[in-house]
Amino acid sequence: MKAFKQLKLTFLSLLALTLFNCTEDNNDTPQAEGKSFISVKLVDDPGDFDNVFVEVVDVMVKVNDNSEGEEGWISLDPINTGVYDLLELTGGVNVLLADDFQIPSGTLNQIRLVLGEDNSVVIDGETHPLNTPSAQQSGLKIQVNQTLEPGFTYDYVLDFDVDESIVIAGNSGNINLKPVIRATAEVSSGKIEGVVTPFDFQVQAAVTTPDGDITAYVDENGAFVLNGVPAGVHTVTITPDPESGYAVAMVENVEVVNGQITNIGTIELLEVPVVGAITGTILNEGVVATAAVEVNGEMVEATTDETGAFLLADIPVGIYAVTITPEEGTGLTELVVPDVEVVADMTADLGEITLE
């Protein structure tokens, strides 16, 4: 008979993170404010069995509850229940049992893996049923007692230790499955926080990820927190109420690290400029001319097209002198059109102009 395959049941290391300023709360009080997210994957290490099949029925957690009773368990609504050959879950292959399931933040006390009855081991080509009395009755309970911070996603990985989990019952020939599991986890997301000013109107902050947009509105102090942002470099888009008169702002190259908060500081919104435009048409055939106005000490210019028309766009409301300069070599004289009034969302038309 081949030696039993070694399957470790390992939960990746749980990183307990203190991410906010310390408070005077008693450490024994669960930090239950907010929500966290949990994912659970099933993996295995190579071993010496032909196959080890287990039937996964449910994955449950107990949060902010140290009791040993049956009350308080939360099912993670596993998305991939069924029978799995643990020996195929090696070399980076895994099965996702629970995906970003939302649970209360605070202390994750226990995880429970509930197995069904369809469990077996194949040794030298012969299939043997695996008796799982404890798992069938209530599920295997794994002590965790780790802190889950609000807004973060935690990934757990289950990895069986078959040397301790598969037990031959004396001379009866029965083979029992009594899983031995260690629970650890790692944080797999971060947060982005910041402050928007002014904020006396509705403002939304957002980042776009492959799984969709993550959004949050600013609070009464103009602050926002984007939770569950995957690690990487992101662009934060700040969108004020369109009726506020303020423009959309973007903060680029925001780096997010798993388990950390990235603070992008204060984003000052700029008012949408109240603008209009100036147009006109030069009638001189074959002549290219440039129209220009001075805006805040800088010249804004537009060149005539093949029809002789020009358009000075996005000119702030006000009164301007428009200078029309023909290209060199035409023998034509520059023309200044004074007192051109620009009105919001309107285009001032200078009409048809003949340069002399």
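The structure presented is a predicted model; accordingly, all values stated were derived computationally and were not measured.

*Asks:* An account of unusual backbone geometry is requested, with residue identities and associated values reported.
*Replies:* The peptide bond linking Thr-197 to Pro-198 adopts the cis configuration, its omega dihedral lying at -5 degrees. Within the secondary structure layout, Pro-198 lies in the loop between β14 (190-197) and β15 (203-209). Positioned with a positive phi, Asn-64 is a non-glycine residue whose angle comes to about 55 degrees. Structurally, Asn-64 can be placed in the loop between β2 (51-63) and β3 (73-75). Phi at Asn-296 takes a positive value of approximately 55 degrees, unusual for a residue other than glycine. With respect to the helices and strands, the residue Asn-296 is situated in the loop between β22 (289-295) and β23 (298-303). The exposed category is assigned to Asn-296, whose relative accessible area is 75%.

*Asks:* Pulling in residues and values, what's your account of the sheet that holds strand β13 (residues 185-187)?
*Replies:* In space, the four strands of this open sheet follow the order β5-β1-β10-β13, with mixed pairing throughout. The sheet is open, and its two borders are formed by β5 (95-104) and β13, each paired with just one other strand. Recorded for the sheet is a direction-independent mean angle of 20 degrees between the axes of neighbouring strands. Two elements, strand β10 (residues 153-159) and β13, share three bridges in a ladder whose sense is antiparallel. Counted as the bridge partner of Asp-155 is Glu-186 from β13.

Parameters and conventions
Residues numbered from 1 in each chain as written. Predicted model: local features only at pLDDT ≥ 70, side-chain atom pairs only at ≥ 80, totals over all residues. Heavy atoms only, no water. Helix = DSSP H or I, 4+ residues; strand = E, 2+ residues; numbered from the N terminus. Buried < 20%, exposed > 50% of the residue type's maximum accessible area, 1.4 Å probe, protein only. Pairing = 2+ DSSP bridges. Axes fitted to C-alpha atoms, helices over the stretch in contact; angles between N-to-C directions.

Take it as geometry only, folks, not as evidence of what the structure does.
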